[in-house]
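Fold and geometry: a report
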Amino acid sequence: MTSSADESAPATSNISVRRGEPLVVVEHVDKHFGELHVLQDINTVVNRGEVVVVIGPSGSGKSTLCRAINRLETIDSGSISIDGVPLPEEGAGLARLRADVGMVFQSFNLFAHKTVLENVTLGPIKVRKMSKKDAETEAMRLLERVGVANQAKKMPAQLSGGQQQRVAIARSLAMNPKVILMDEPTSALDPEMINEVLDVMIGLASDGMTMIVVTHEMGFARKAADRVLFMADGAIVEEATPEQFFTNPQSARAQDFLSKILEH
């Protein structure tokens, strides 16, 4: 745990845990779904090499924020930039920027008609213009890293949920992204499969991968996060180190949330 000379600083300052230059910058972002104001003046910075975990009750805007960062959801106002480049509205510029942003969904989203190896090599070959041989060599290295190299020739349907999610993580890594977004990556898994995916995520965090993770897994937040963003009702209510957040939440909303989940 990084110690800070200024432990008395307010929870929102977080200067002690910010390292590396800003990679993802979200400024004054608003988003509505009809009458529902799902993102309300969201401001945050994620630095290179930082792991930021977004937690909060259902319907708080966590997944919408995650999807907005690679423009799977459009925003009404404000700006999001990645490595100094504002997210374009659409077109080739957006495709290029998306290639730098890995995305892991709760439902795996693997191509059912392609083998595990083909799923992982498709992006590097089509988007990064890598040769098939080089893409396959790198894919096997990544599948080995996430512990499913022996499944390379199988179809996704032949794998367990935990194995499929690890393939999805390998597929995301194959694009050599600057940041990986994970939206509830373990919530569709059986309890015994959750740890095998969390172990891979913890490994990525310790390797210095920049990650923004929406999750209900408080153990992962405590162990791997540099910073916790707590969202409620479309707003970032609190932002703190895991230590600060779990031992001394500042807002009544966070205290209430933690009292409910930590009892179980």
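Residues numbered from 1 in each chain as written. Predicted model: local features only at pLDDT ≥ 70, side-chain atom pairs only at ≥ 80, totals over all residues. Heavy atoms only, no water.

Moving on: the overall build of the protein chain. Summing up its helical and strand segments, the protein chain has 9 helices and 10 strands in all. Against the 2.2 N^0.38 benchmark of 18 Å for 264 residues, the protein chain shows a C-alpha radius of gyration of 18 Å, consistent with a compact globule. Here the C-alpha coordinates of the protein chain stretch approximately 55 × 40 × 40 Å along the principal axes. Relative to its 264 residues, the protein chain shows a buried fraction of 52%. By sequence separation, contacts in the protein chain at least 24 residues apart represent 67% of the contacts at least 6 residues apart. In the structure as shown, the protein chain presents an accessible area of about 12,300 Å², 51% of it carried by carbon and sulfur atoms. For the protein chain, the distance from the average site of its 27 positive side-chain charges to the average site of its 34 negative ones is 9 Å. (Helix = DSSP H or I, 4+ residues; strand = E, 2+ residues; numbered from the N terminus. Rg over C-alpha atoms; globule rule 2.2 N^0.38 Å. Buried < 20%, exposed > 50% of the residue type's maximum accessible area, 1.4 Å probe, protein only. Contact = heavy atoms within 4.5 Å. Areas by Shrake-Rupley, 256 points an atom, 1.4 Å probe, with all protein chains shown as cover. Lys, Arg positive; Asp, Glu negative; His and termini not counted. Charge placed at Lys NZ, Arg CZ, Asp CG, Glu CD.)

Bringing the layout of surface pockets into the picture now. Considering only enclosed or pocket space, the largest pocket measures out at about 540 Å³ in volume. What lines the largest pocket is a set of 20 residues, among which Arg98, Val101, Met103, Arg171 and Met175 lie closest to the centre. Where the lining of the largest pocket is concerned, the elements lending two or more residues are helix 2 (92–99), strand 6 (101–104), helix 3 (116–126) and helix 5 (161–174). In terms of residue count, the dominant contributor to the lining of the largest pocket is helix 3 (5 residues). (1 Å grid on protein atoms, 1.4 Å probe; cavity = no way out; pocket = protein on both sides within 12 Å on 5 of 7 lines; lining within 4 Å. Points joined across faces, edges and corners; volume = space filled by probe spheres on them.)

Below, the discussion takes up the UniProt feature "domain: ABC transporter" (unreviewed entry) in the protein chain. With numbering aligned to this structure, UniProt lists the feature "domain: ABC transporter" (unreviewed entry) at residues 24–258. From the first C-alpha to the last, residues 24–258 spans 27 Å; its make-up is 39% helix and 26% strand. (UniProt positions renumbered as here; feature names shortened; annotations may be inferred.)

One pass over the structure, following the stated rule, counts 15 salt bridges. Linked by salt bridges that have partners in common, Glu21, Arg48, Asp83, Asp100, Arg128 and Lys178 make up one network. (Salt bridge = Lys/Arg side-chain N within 4 Å of Asp/Glu carboxyl O.)

Quick look at the pairing of strand 10 (residues 235–240) now. Relative to strand 10, strand 9 (residues 227–232) is paired through 5 bridges, and the arrangement is antiparallel. For valine 228, the partnering residue across the bridge sits in strand 10 and is alanine 240. Between strand 9 and strand 10, which follow one another and run antiparallel, lie 2 residues, and aspartate 233 among them has a positive phi close to 50°. (Pairing = 2+ DSSP bridges.)

Another aspect to go through is the sheet that holds strand 10. Strand order in the open sheet formed by 6 strands is 6-7-8-3-9-10, and the pairing between neighbours is mixed. The open sheet has two edge strands, strand 6 and strand 10, and neither has a second partner. With direction set aside, neighbouring strand axes in the sheet form an average angle of 20°. Bridge analysis of strand 3 (residues 51–55) against strand 9 gives 4 bridges, and the strand direction is parallel. Opposite valine 54, over in strand 9, you have leucine 229 as the bridge partner. (Axes fitted to C-alpha atoms, helices over the stretch in contact; angles between N-to-C directions.)

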